[in-house]
Amino acid sequence: MQHFENIPVIRYEGPTSKNPLAFKFYDPARVVMGKPMREHLPFAMAWWHNLCAAGTDMFGRDTADKSFGAEKGTMEHAKAKVDAGFAFMQKLGIRYFCFHDVDLVPEADDIKETNRRLDEISDYILEKMQGTDIRCLWGTANMFSNPRYMNGAGSTNSAEVFCFAAAQIKKALDLTVKLGGRGYVFWGGREGYETLLNTDVKFEQENIANLMHMAVDYGRSIGFTGDFYIEPKPKEPMKHQYDFDAATAIGFLRQYGLDKDFKLNIEANHATLAGHTFQHDLRISAINGMLGSIDANQGDLLLGWDTDEFPFNVYDATMCMYEVLKNGGLTGGFNFDSKTRRPSNTDEDMFHAYILGMDTFALGLLKAAALIEDGRLDAFLAERYASFRTGVGAKIRKHETTLLELSAIAEQMGAPALPSSGRQEYLESVVNSILFG
Ligand code: XLS
Ligand code: NI
Ligand code: NI
């Protein structure tokens, strides 16, 4: 069966195009700061949202038809999703996909049968990959949907469930390596708590770290050379999740000696749920050498959950790409962990959504490059800290002074002059002049 027959290959037509099935800003071959856009922006399709989710929410069932011509819950359907997914990626020029184990096949009661199905589907995906440049960006194990994970996976109180989580991770790592994955993600959806009355936090965190160490050991033993990632999220589904935000996850990785093998996968909507901007969590990751990959979506500040909307906000995408360019790129990519709104239920909507997301990030890239080339932000920053370049400031930076010496200087001074202005409004107007000038 052919999928998306009525949808053309999506091409770049430029900002003035009114064709809904064309890129306005994503021009894959256009060189920006020495590299073509397609290399700056390794976009990935999220198997779960694009091929599985059909609009069900807490209050109503599916609105979209994601059967792709096969009966749901069968291996035929699993294969139809592969066919549809590859047709989709090829029409958009997307070169990566991300998956959970259970996005690929229906889960059986017996893990041996689930694994057999995973072998069959990954052989099928491998065949499809032949002759294309499509690869896996990252894989992961879904350790949050099945009721066995109601108390967590690594953090569970059940040694049997822990064992099952280990088995799923092993298999998901096998698949990731088989499909050429660059990374492997841990998103700890149920790794957290509802109440401290029933929770031994230290015990649970030690177990999570232990599971991650076993994953690293196994992954390296089968030739996985990519990065492991933690994807921080503060809450939802749990009231409190241990990987609250970038800073918390970095502390955890360092405490348990996992920081050499792990980086972070930062999701925009998770950062805002944690009370940060997307740029904040990117910056915290980057300055710690841990900015690995990005889940590209956006939330709605009026809603307190992970709405996983396709990225539309050009300011946020610009500041994201600013961080990415300053970081020298990503070892991972940009995974659209985003879903069409429930009433956007047609095939065209799936394409409109990806066109929106890809164009938003392309625009963000162009504007971030323009901000850097303009130089006013960097110049301001260099000037802002100028007092640390000479005199006592330079001594402080070089760790060549003491509290005693500094207090003697302070006494001679009387009172310091007020520091120079932060110039926030000026800088914001620079950003606007680059974005809209
Ligand atoms: C959920 C997460 C999830 C991860 C992968 O909020 O974003 O989709 O990306 O398990
Ligand atoms: Ni999310
Ligand atoms: Ni995500």
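Residues numbered from 1 in each chain as written. Chains lettered and ligands numbered in written order. Predicted model: local features only at pLDDT ≥ 70, side-chain atom pairs only at ≥ 80, totals over all residues. Heavy atoms only, no water.

**Student:** Honestly, the overall build of the protein in this entry has me stumped. Any pointers?
**Tutor:** Helix and strand content of the protein: 16 helices and 14 strands. For the protein, whose C-alpha radius of gyration is 24 Å, the value lies close to the compact-globule estimate of 22 Å for 437 residues. Across its three principal directions, the C-alpha atoms of the protein cover 80 × 60 × 45 Å. With 437 residues in all, the protein has 51% of them scored as buried. By sequence separation, contacts in the protein at least 24 residues apart represent 75% of the contacts at least 6 residues apart. Carbon together with sulfur atoms contributes 54% to the accessible area of the protein, which is approximately 20,900 Å² in total. Distance from the positive charge centre (45 side chains) to the negative charge centre (59 side chains) of the protein: 4 Å. (Helix = DSSP H or I, 4+ residues; strand = E, 2+ residues; numbered from the N terminus. Rg over C-alpha atoms; globule rule 2.2 N^0.38 Å. Buried < 20%, exposed > 50% of the residue type's maximum accessible area, 1.4 Å probe, protein only. Contact = heavy atoms within 4.5 Å. Areas by Shrake-Rupley, 256 points an atom, 1.4 Å probe, with all protein chains shown as cover. Lys, Arg positive; Asp, Glu negative; His and termini not counted. Charge placed at Lys NZ, Arg CZ, Asp CG, Glu CD.)

**Student:** Sorry, what's going on with the layout of surface pockets here?
**Tutor:** Approximately 690 Å³ is the volume found for the second largest pocket. Residue lining of the second largest pocket: 22 residues in total, with Gln279, Arg283, Met319, Tyr322 and Leu377 positioned closest to the centre. At the level of elements, helix H10 (278–287), helix H11 (314–326), helix H13 (376–384) and helix H16 (424–436) are the ones that each hand at least two residues to the lining of the second largest pocket. Split into classes, the residues belonging to the lining of the second largest pocket amount to ten nonpolar, six polar and six charged. (1 Å grid on protein atoms, 1.4 Å probe; cavity = no way out; pocket = protein on both sides within 12 Å on 5 of 7 lines; lining within 4 Å. Points joined across faces, edges and corners; volume = space filled by probe spheres on them. Nonpolar A, V, L, I, M, F, W, Y, C, P; charged D, E, K, R; others polar.)

**Student:** Mind showing me how you'd approach the packing of aromatic side chains here?
**Tutor:** Think of a pair of aromatic rings as described by two things: how far the centres are apart, and how the planes are tilted against each other in angle. Scanning all chains against the criterion turns up 26 aromatic pairs. Centre to centre, the rings of Phe336 and Tyr354 are 5.2 Å apart; their planes meet at 75°, and the pair counts as edge-to-face. Of this pair, Phe336 sits in strand E14 (residues 334–336) while Tyr354 is found in helix H12 (residues 347–374), placing the two residues 18 residues apart along the sequence. Residue Phe336 shares its accessibility class with Tyr354, and that shared class is buried. (Phe/Tyr/Trp six-rings, centres within 6.5 Å; stacked < 30°, edge-to-face > 60°.)

**Student:** I would appreciate a short explanation of the coordination of the nickel ion (ligand 3) in the present structure.
**Tutor:** Looking at the metal site, the nickel ion (ligand 3) is ligated by Glu231 (OE), Glu267 (OE), Asp295 (OD) and Asp337 (OD), spaced 2.0 to 2.1 Å from it. Around the nickel ion (ligand 3) sit six donor atoms, and with donor-metal-donor angles ranging over 81 to 176° the site reads as octahedral. Between the donor residues of the nickel ion (ligand 3), the gaps in sequence give the motif E-x35-E-x27-D-x41-D. The distance between the nickel ion (ligand 3) and the nickel ion (ligand 2) comes to 3.7 Å, and Glu267 binds to both of them. (Donors = N, O, S within 2.8 Å, 3.2 Å for Na, K, Ca; no water. Tetrahedral: all angles 85-135°; square planar, octahedral: opposite > 155°, others 65-115°.)

**Student:** Explanation requested: the coordination of the nickel ion (ligand 2) in the structure shown.
**Tutor:** Distances from the nickel ion (ligand 2) to its protein donors, Glu267 (OE), His270 (NE2) and Asp306 (OD), fall within 2.1 to 2.2 Å. Sequence positions of the donors to the nickel ion (ligand 2) reduce to the motif E-x2-H-x35-D. With relative accessibility at 9%, the residue Asp306 sits in the buried group.

**Student:** Honestly, helix H3 (residues 75–92) in this entry has me stumped. Any pointers?
**Tutor:** Structural remark: α-helix, 3.6 residues per turn; residues separated by three or four positions point the same way. Its 18 residues give H3 an end-to-end C-alpha distance of 26 Å, which sits within 8% of 26 Å, the value for a rise of 1.5 Å per residue. Among the 18 residues that make up H3, 15 are buried, leaving the element largely enclosed by the rest of the structure. Structurally, the start of H3 carries an N-cap: the backbone nitrogen of Glu76 is 3.4 Å from a side-chain oxygen of Thr74. Just past H3, the residue Gly93 takes up positive phi, approximately 70°. (Expected span 1.5 Å × (residues − 1). Polar contact = N/O pair within 3.5 Å; in protein donor to acceptor, adjacent residues only side chain to side chain.)

**Student:** Where do I start with unusual backbone geometry in this structure?
**Tutor:** The bulk of non-glycine residues show a negative phi, and the bulk of peptide bonds are trans. A cis geometry characterises the amide bond from Glu236 onward to Pro237, with omega recorded as 10°. Secondary-structure assignment places Pro237 in the loop between strand E10 (227–230) and strand E11 (240–241). Of note, Met33 is a non-glycine position whose phi angle comes to about 45°, a positive value. Structurally, the position occupied by Met33 is in the loop between strand E3 (31–32) and strand E4 (35–36). Note on Met33: relative accessible area 39%, which makes it partly exposed. Of note in the backbone geometry, Arg423 takes a positive phi value of approximately 55° without being a glycine. Tracing the backbone through its elements, the reader meets Arg423 in the loop between helix H15 (403–413) and H16.

**Student:** Can you help me understand the state of the cysteines in this one?
**Tutor:** One way to say it: the disulfide is the covalent bond shared by the sulfur atoms of two cysteines. Counted under the stated rule, the structure contains zero disulfides. In this structure Cys98 is a free cysteine whose sulfur lies 6.4 Å from that of Cys136, the closest cysteine sulfur available. Of the residues examined, Cys98 reaches a relative accessible area of 0% and is grouped as buried. Judged by relative accessible area, Cys136 falls into the buried class, the value being 0%. (Disulfide = S-S within 2.5 Å.)

**Student:** Got a minute to help me understand the nonpolar core in this structure?
**Tutor:** A general trend in soluble globular proteins is that nonpolar side chains are found buried together. In this structure, Trp47, Leu92, Phe97, Phe334 and Phe361 are the most contacted members of the largest nonpolar core, which totals 110 residues. Among the elements that take part in this core, H12 stands out by supplying 14 residues, more than any other. Excluding residues within four positions of it along the chain, Leu92 makes contact with Ile10, Phe23, Phe351, Tyr354, Ile355 and Met358. (Core = buried A, V, L, I, M, F, W, Y, C linked by side-chain atoms within 4.5 Å.)

**Student:** When you look at the pattern of salt bridges in this model, what are you seeing that I'm missing?
**Tutor:** Should the charged atoms of two oppositely charged side chains come close, the side chains can pair. One pass over the full model with this rule turns up 24 salt bridges. A salt bridge links Asp227 to Lys263; the nearest nitrogen and oxygen atoms lie 3.6 Å apart. Highlighted residues: Asp227 in strand E10 and Lys263 in strand E12 (residues 262–267), separated in sequence by 36 residues. Of the charged contacts, one joins Asp374 and Arg376 as a salt bridge, the two residues approaching to 2.9 Å between their closest N and O atoms. Take Asp374: its relative accessible area is 31%, and that puts it in the partly exposed class. Because the salt bridges share partners, they merge into one network encompassing Lys79, Glu113, Arg116, Arg117 and Glu120. (Salt bridge = Lys/Arg side-chain N within 4 Å of Asp/Glu carboxyl O.)

**Student:** What is the right way to look at the environment of Ile125 in this model?
**Tutor:** Residue position: Ile125 is located in helix H5 (residues 111–129). If we skip the residues at most four places from it in the chain, Ile125 touches Trp47, Val82, Phe86, Phe97, Leu104 and Leu179.

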